[in-house]
Structures are given as structure tokens and as C-alpha cells.
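Architecture at a glance
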Amino acid sequence: MAIKIRELCVMMLNSRHWLHAAALSTCAMFAAQLAHGAPVATVEVDARDAPRGIERVHLVMPVKPGNLTLLYPKWLPGEHAPVGPIGGLSGLKFSSAGKTLAWQRDAVDMYAFHLTIPANAASLEVSFEVLAEHDAREPNTTRLATDAVAIVLWNQVMLYPAGVQSDDLQVAARLRLPAGWSFGTALPKAATSGDAIEFAQVSLTTLIDSPVLAGRYFRTVELGGTPAVYLHLAADSTAALAIPDATTAQMRKLVQEATALFGATHYNEYHFLWSLSDQIDYEGIEHHQSSDNRSAERTLIDADLRRSSDAETLLPHEYTHSWNGKYRRPIGLATGNYDSPMRGELLWVYEGLTEYIGMVLSARSGLASAADARDNWADTAAWAQTLKGREWRPLADTAISGPIIYNQAPEWRARTRGADFYGESALLWLEADTLIRTKSGGAKSLDDFCKLFYGAPSTAPKVVPYDFNDVVKTLNGVLPYDWRGFWTERLNRTRAGAPLEGIKASGWHLSFDAEPSAEQKGVEAIQRKTSLQYSLGFDLKDDGAVIMNIVPGSPADIAGIAPGSHLIAVDGRRYSKEVLQDALNAGGTDARAIKLLIAKDDIFSTVELRYAGKLRYPRLERDASTPDLLSAIMAPQAP
Ligand SMILES: [Zn+2]
């Protein structure tokens with residue numbers, strides 16, 4: 001999963017959650033079949049009403065007489081949390097041998113349903129709806145469809161018998177889409193008849209790992225590669241599909257750079273699914289042979305949006321997960337079903353190294369220019385410095401808390417810490433990479449680790465679990481060093497300072513400039529905010545001038561401003577972006593008072609912030625005393 005590590009996550013900014021849904025018609029289900037002796041379930045999803053927020057599901061599965069417990073997927077791979085969207089499940093009905101069956105939800109596990117299959121019955125029919133809400137939060141169903149785009153997630157439309165591992169249940173799926181819509185997916189197709197798509201029979205693992213992106217305005221671009229890689233775009237307008245040729249070329253280069261880095265692949269085909277809509281929360285979810293990427297509608301056609309790190313690193317990050325997260329998976333996350341609790345203690349590898357490699361591949365592919373890539377590192381370094389929570393909470397604890405941390409109070413994240421195993425781990429992997437490069441005299445790098453840990457031989461999708469010892473052992477295979485001590489210390493310490501040793505060792509240091517870079521303007525545009533994180537100490541949401549993400553120890557924090565307050569006026573003038581910028585940039589290096597009129601709830605007050613200097617945006621500045629390893633790491637490697 002990709003997450004906005006800095007400031008408020010976009011999910012909170014773009015609170016138009018809603019849901020999607022698909023409706024399943026009463027459809028004739030296909031009969032449960034037997035193939036190779038394995039039980040086969042069939043699922044029909046009618047998504048013709050998805051734009052309205054309804055999917056209708058009809059499921060048929062082979063059963064035996066007696067007690068049966070069916071489970072709704074709860075622990076979702078890539079989400080690392082028990083957030084299966086059960087709140088949207090509605091209209092649940094079971095029948096067998098022509099009779100309606102009574103059911104009872106488990107008193108403890110809300111995702112489990114108990115029923116009794118009558119004597120002589122061989123199959124069970126289940127029908128239900130999946131309903132989406134505009135502003136739902138997990139574990140309710142959030143919006144995944146608009147009038148022109150729908151993302152169909154099979155975990156929302158499946159129940160499976162308790163005690164069954166997802167590799168052991170075969171499913172044949174059938175999908176109806178609104179008339180005239182096109183679709184892309186990694187799920188192999190069997191046939192299309194009328195408006196129904198029939199997919200080949202696959203395991204429940206593969207089905208749930210293979211979402212479908214569908215849309216009224218749709219485009220597929222071949223990206224080359226062996227095996228073949230495809231980019232599918234669905235947008236809320238035809239105009240938004242006009243991907244520039246340069247971006248397509250960079251995407252092709254991404255495939256070349258990733259396969260060169262890992263030296264092997266673990267997919268039969270790979271499909272980037274990229275939805276472009278302002279109505280669906282921006283995020284990314286990884287799968288083995290695809291990724292479900294969700295960005296702003298105009299991401300491809302608005303130069304500012306395209307240059308944000310959010311847009312430049314999203315697809316490289318999710319693609320990297322095909323190797324790191326899907327093929328190699330921490331033992332605690334490789335549960336083989338959707339009901340066993342996951343353990344996130346190695347998320348600093350699963351997400352942290354993916355964050356690092358995603359940043360590297362975004363630069364090597366050209367999706368991010370060298371300057372944009374450096375600005376993204378500067379943002380990460382400066383963000384890490386704001387995390388006062390590091391004084392009480394080791395990085396390891398953020399990973400262990402994976403299942404709850406994505407919903408940690410976003411306003412206070414600098415104090416609580418959040419999913420820091422993304423960005424902070426990326427800084428540590430940079431430190432590890434520079435250490436390998438320096439100690440080996442440039443002969444070795446983290447690229448060698450990637451080849452050993454994730455590379456040859458190429459395989460079809462499969463999971464190879466690993467533990468901490470495997471990571472340490474493979475690092476030692478690249479460069480003999482106390483890697484156990486390196487990671488144990490960094491993961492478990494509680495110290496105030498951000499881990500900027502890797503930035504320093506890569507030949508750069510953090511500084512600040514009064515002007516936002518193109519990349520930073522892009523981030524502000526996509527997240528609809530103004531960043532004053534490193535000056536007054538907060539972000540300002542465009543909509544309503546709401547103060548968010550107050551930095552501990554900053555002028556705003558010292559003045560006692562509460563998050564959620566509205567900024568009304570600056571030094572006696574009605575607030576506008578320009579008025580605020582002028583007030584800051586008018587200052588010299590001497591401390592002065594900046595007066596803000598604030599509305600908190602229904603109370604107005606004027607607060608005085610002591611501040612010296614101008615606006616501040618993070619930059620990396622070259623340190624000539626150290627070789628420029630960062631540029632070497634970010635440089636293209638593929639032939
Ligand atoms: Zn991720």
C-alpha cells in the first residue's frame with residue numbers, strides 16, 4: 001500500500017469517500033463444478049449499478065450437510081489490517097436445495113456466519129449486496145465507483161468456509177459492467193458474452209489478488225517487458241486519459257529498470273490499473289500481477305499534479321511490491337487466508353524498502369527528474385525531523401502497530417507517530433545502501449541485495465516467506481557487516497533526531513529555501529493544501545483554511561493553536577494564500593510577531609506567533625566533501 005507519509009494523509013483531505021458497489025443480478029449462476037477434483041465456487045457480480053453504490057452478488061459453493069461457518073474476508077493483504085469492508089454487506093440470504101436457510105453471526109467474530117446445511121444438499125447459494133457510502137471509513141465500504149469509473153474488489157464479494165486456506169478453494173467469477181464500459185485486470189478471461197465477462201477458474205488467492213478496473217472512458221497502453229506489462233487507465237473524462245508520450249516512455253523505462261534491478265520477475269503478466277478521479281480516495285494497493293492505483297483526475301494532463309512525488313512514486317512503489325511484499329513476504333503477513341491475524345513487525349522491509357526502491361525507480365525511470373527525486377528526499381528528511389513521537393516510540397513499534405496505525409489520529413501524528421515504517425525506513429535503507437557502497441569501494445550496493453533476495457529464478461506468482469534472519473543473512477551475503485546490530489539499534493532506539501545519516505553519507509545535507517520546488521507545488525496541488533510545516537509549523541487546508549498537522553515545538557505549537565482551527569486573518573488582513581506568503585516573506589532574520597486571527601469552534605481569538613525568517617521549503621544541498629552517492633543511486637541502470 002502506498003500512504004501519504006507526510007502531513008495529513010490524502011484520504012483525510014479528500015473526504016469524499018463513498019462507495020461503490022455492484023449489483024449482482026439474480027442471474028443465473030453457473031452451477032458449481034468440479035475440476036481436477038477440487039471444489040469450485042462460482043461468483044457472479046453485477047456491477048451495473050456500481051455508479052449508484054450497489055454491487056449485487058450471487059455465490060454458489062459446494063458444501064456438505066451439517067454445520068458450516070462462512071467468513072467474510074477481514075485481514076486484507078496489502079492493507080495489513082482487519083479492515084475488510086463488512087459495513088457495506090447487506091441483504092444476506094442463504095439457500096440450499098430450494099430452501100432458505102437461517103443464519104447467525106458469530107457473537108465474537110463479526111465476520112463469521114454460522115448456518116446448517118440440510119441433509120443431501122451438495123451446494124449452497126448465497127446472495128447479498130455490497131453497498132458503498134460517500135463518507136464511510138474502514139471497515140465500512142468506501143467509494144470505489146463514479147459515473148465513469150469502477151474498481152471491483154473481489155474480497156468484497158466473497159465468503160469462504162472457515163478452515164479453508166485461500167489456495168485450496170477454486171472460484172470461477174463472472175462480472176457484469178455498465179453497458180459500453182471497458183475493463184482491465186490481471187485475472188485471466190474465459191469468455192465474454194453480452195455484457196457479462198466470464199473469468200477463468202482460479203484459486204481464491206488469485207481472485208482476491210486480481211481486482212478489476214472498469215470505466216466508460218478507458219485506455220490500455222502496452223508497456224513492453226517480458227513477461228508483458230500493461231497500463232490500463234480509467235478516468236472521469238476522456239480528456240484525463242491523454243497520457244503524454246513522455247510519460248508512457250517513462251513507464252516503459254520503469255519496467256526495464258525494475259526488471260534490471262531485480263533480475264527476474266514473478267508474474268505471468270503485469271497490469272497497472274490506474275483510476276483517475278477526484279471522487280475516489282487517492283491511494284495504491286499492491287497485488288502480485290497488478291496494482292490498484294488511484295489518483296486525481298487530471299494527474300496525467302496537469303503538469304503540476306504530475307510532478308508531485310505522490311504521482312511520480314505511486315506506480316513505482318506498487319510495482320515494486322510484486323517482488324517485495326507479494327513474492328517475498330514477511331512470515332507474519334503470509335497467513336494464507338483472510339481470517340488469521342497478521343503480524344506487521346517486518347513492515348519496515350515490506351513497506352520501508354518498497355518506499356526506498358519506489359523512490360529509486362521513479363528517478364531511474366525518469367518519472368521523477370533528478371531534481372524532483374532530490375526534493376522528495378528533502379521532503380522525507382524534513383518530515384522525519386518533525387516526528388517528536390520518536391522520543392517515546394521506537395520505529396519497530398510503529399511496524400508492530402501496523403494493523404491499527406493507519407488510522408492513528410492524523411492530527412497528532414508527529415506526536416503519536418504514524419506509519420513511519422515507510423518514510424523513516426526509507427532513510428535507513430538509504431543509510432544501508434550508502435554503507436554497502438562505501439565499504440565495498442563502489443563494488444556492491446543494495447541492488448545486489450535486491451537480486452539475491454527477490455530475483456532469479458523467474459517464477460509464476462508464489463509466496464516465499466522470510467524472517468528477520470533471512471534479511472540479515474542476505475545483507476551479509478552482499479557485504480559482511482554487523483547487519484543484525486545495525487537494524488536492531490535503529491529499529492529499537494528512542495532518540496530525538498531523525499535518521500539523516502544516510503542523506504549525509506550520500507553527499508547531501510538538508511537545507512531550506514523560501515520558494516517551493518515544482519515537486520512541492522505538485523504535492524500542495526494534489527493534497528489541496530499550503531505547507532507551512534517548516535515555517536509557522538502547520539499545514540493549511542485549501543478548503544476553509546483549516547489548520548492541520550501542527551509541528552511540535554513550532555511557533556504555532558508554542559502559541560497554543562489547536563488543529564482544526566480556521567485561519568481568518570493575518571496581521572489584520574483577511575487571510576488569503578498571498579497575504580500569508582507576503583507576511584512571511586516580508587521578514588528578515590530577526591524574530592518578529594505575526595498575528596493570526598483564529599476561529600476555533602465558535603470562539604475567535606488573536607494569537608501572536610514569534611517567527612524569524614521567510615517561508616521555508618526543504619531542499620538537499622550538495623556537500624562537496626563526500627562523493628555524490630545519491631545521484632549514483634538514482635541514475636538509470638538498465639541497458
Ligand atoms: Zn506499499
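Data block above holds the structure.
Heads up: these notes are all about the structure in this document. Computed from a predicted structure; not experimentally measured.

1. A short note on the coordination of the zinc ion
The protein atoms donating to the zinc ion are Met1 (N), Met1 (O), His317 (NE2), His321 (NE2) and Glu351 (OE), with metal-donor distances spanning 2.0 to 2.6 Å. Considered as a linear motif, the donors of the zinc ion on their single chain read M-x315-H-x3-H-x29-E. This pair shows no difference in class: His317 is buried, exactly as His321 is.

2. Section: the sheet that holds strand 19 (residues 212–215)
Whether parallel or antiparallel, the strands of a sheet pair through hydrogen bonds between backbone atoms. With antiparallel pairing, the three strands of this open sheet are ordered in space as 12-19-15. Edge positions in the sheet fall to strand 12 (149–152) and strand 15 (182–185), since each has one partner strand and no second. Geometrically, the sheet is characterised by an average inter-axis angle of 15 degrees between neighbouring strands, direction not taken into account. Of the strand pairs in this sheet, strand 12 and strand 19 are connected by four bridges, and their pairing is antiparallel. Paired with Val152 across the two strands is Val212, which belongs to strand 19.

3. Brief notes about helix 5 (residues 309–320)
Quick reminder: α-helices carry 3.6 residues per turn. Residues three or four places apart thus point the same way. For helix 5, with twelve residues, the first-to-last C-alpha span of 16 Å sits near the 16 Å given by 1.5 Å per residue. The element helix 5 is largely enclosed, with a buried count of twelve among its twelve residues. All buried positions along helix 5 are accounted for by Ser309, Asp310, Ala311, Glu312, Thr313, Leu314, Leu315, Pro316, His317, Glu318, Tyr319 and Thr320.

4. A short note on the packing of helix 7 (residues 352–364) against helix 13 (residues 446–454)
Orientation of helix 7 relative to helix 13, taken along the N-to-C sense of each, is 115 degrees, at an axis distance of 13 Å. The interaxial crossing formed by helix 7 with helix 13 has left-handed handedness. Across the interface between the two elements, Leu353, Tyr356, Ile357 and Arg364 from helix 7 touch Leu446, Asp447, Phe449, Cys450 and Tyr454 from helix 13. Along the lines of polarity and charge, the residues of the contact of helix 7 with helix 13 split into seven nonpolar, no polar and two charged.

5. Things to note about the pattern of salt bridges
Applying the stated criterion across every chain, the model contains 29 salt bridges. Between Arg343 and Glu345 there is a salt bridge, with the nearest N and O atoms lying 3.3 Å from each other. Within this structure, Asp49, Arg52, Arg56 and Glu129 form a network of salt bridges that share partners.

6. Observations regarding the packing of aromatic side chains
The final tally for this structure, using the stated rule, is 31 aromatic pairs. Where Trp348 meets Phe468, the ring centres are 6.1 Å apart and the plane angle is 70 degrees; that geometry is what we call edge-to-face. Linking Trp348 in helix 6 (residues 347–350) with Phe468 in helix 14 (residues 468–478), this pair joins segments that are 120 residues apart in sequence. The cationic tip of Arg328 hangs over the ring face of Phe453; the distance from NZ or CZ to the ring centre is 4.2 Å. The residue whose ring lies beneath Arg622 is Trp508, and the NZ or CZ to ring-centre distance is 6.0 Å.

7. Some thoughts on the side chain of Thr185
Within the element layout of this structure, Thr185 appears in strand 15. For Thr185, the side chain forms a polar contact with the main-chain oxygen of Pro211, separated by 2.9 Å. Once residues lying within four places of it in the same chain are set aside, the contact partners of Thr185 are Phe199, Ser210, Pro211, Val212, His232, His271 and Leu273.

8. Let's talk about unusual backbone geometry
With omega at -5 degrees, the peptide bond leading from Thr226 into Pro227 counts as cis. Position of Pro227 among the secondary structure elements: in the loop between strand 20 (217–222) and strand 21 (229–235). Cis geometry is adopted by the peptide bond preceding Pro457, which originates at Ala456 and carries an omega value of 0 degrees. By secondary structure assignment, the location of Pro457 is in the loop between helix 13 and strand 26 (464–466). Look at Arg417: it is not a glycine, yet its phi comes out positive at around 75 degrees. Among the secondary structure elements, Arg417 is positioned in the loop between helix 11 (413–416) and helix 12 (423–439). Residue class for Arg417 comes out buried when judged on its relative accessible area of 0%. If you check the backbone angles, Ala545 has positive phi at about 50 degrees while not being a glycine. Looking at Ala545, the relative accessible area reads 7%, which means it is buried.

9. Some thoughts on the environment of Glu501
As for its placement among the helices and strands, Glu501 is situated in helix 16 (residues 501–505). On a C-alpha basis, the gap between Glu501 and Asp397 in space is 21 Å, while along the polypeptide they are 104 residues apart. If sequence neighbours within four positions are ignored, Glu501 has contacts with Glu431 and Arg495.

So, how was this worked out
- Each chain has its residues counted from 1, running along the sequence as written.
- It should be noted that, the model being predicted, local features are given only for residues of pLDDT at least 70 and side-chain atom pairs only at 80 or more, the latter also being counted only at that level, while totals for whole chains, interfaces and linings use all residues.
- Working from all heavy atoms in the structure, the side-chain values ignore hydrogens and water.
- Listed donor atoms are N, O and S within 2.8 Å of the metal (Na, K and Ca: 3.2 Å). As water is not included, a site may look incomplete.
- Between buried and exposed lies partly exposed: a residue is buried under 20% and exposed over 50% of the maximum accessible area for its type, with that area taken using a 1.4 Å probe on protein chains only.
- Pairing between strands is defined by DSSP: at least two bridges between them are needed.
- Helix and strand assignments follow DSSP, with helices taken as H or I runs no shorter than four residues and strands as E runs no shorter than two, numbered in order from the N terminus.
- Fitting a line to C-alpha atoms yields each axis, with helices limited to the stretch in contact; the angle taken between N-to-C directions then spans 0 to 180 degrees.
- Expected span, for any helix, means 1.5 Å times one less than how many residues it has.
- Two helices crossing with the near one rotated counterclockwise from the far one by less than a right angle form a left-handed crossing, whereas a clockwise rotation gives a right-handed crossing.
- Note on contacts: a residue pair is in contact if any heavy atoms of the two residues lie within 4.5 Å.
- When residues are sorted by character, Ala, Val, Leu, Ile, Met, Phe, Trp, Tyr, Cys and Pro go into the nonpolar class, Asp, Glu, Lys and Arg into the charged class, and all the rest, Gly among them, into the polar class.
- For this analysis, a salt bridge means a side-chain nitrogen from Lys or Arg found within 4 Å of a carboxyl oxygen belonging to Asp or Glu.
- Think of it this way: a Phe, Tyr or Trp ring, Trp meaning its six-membered ring, pairs with another when their centres are within 6.5 Å, and the plane angle makes it stacked under 30 degrees, edge-to-face over 60, tilted otherwise.
- Working rule: Lys NZ or Arg CZ, within 6 Å of ring centre, within 35 degrees of ring normal, means a charge sits over the ring.
- Pairs of N or O atoms are called polar contacts if they sit within 3.5 Å, as long as, within protein, a hydrogen donor faces a hydrogen acceptor (for residues adjacent in sequence, only side-chain-to-side-chain pairs).

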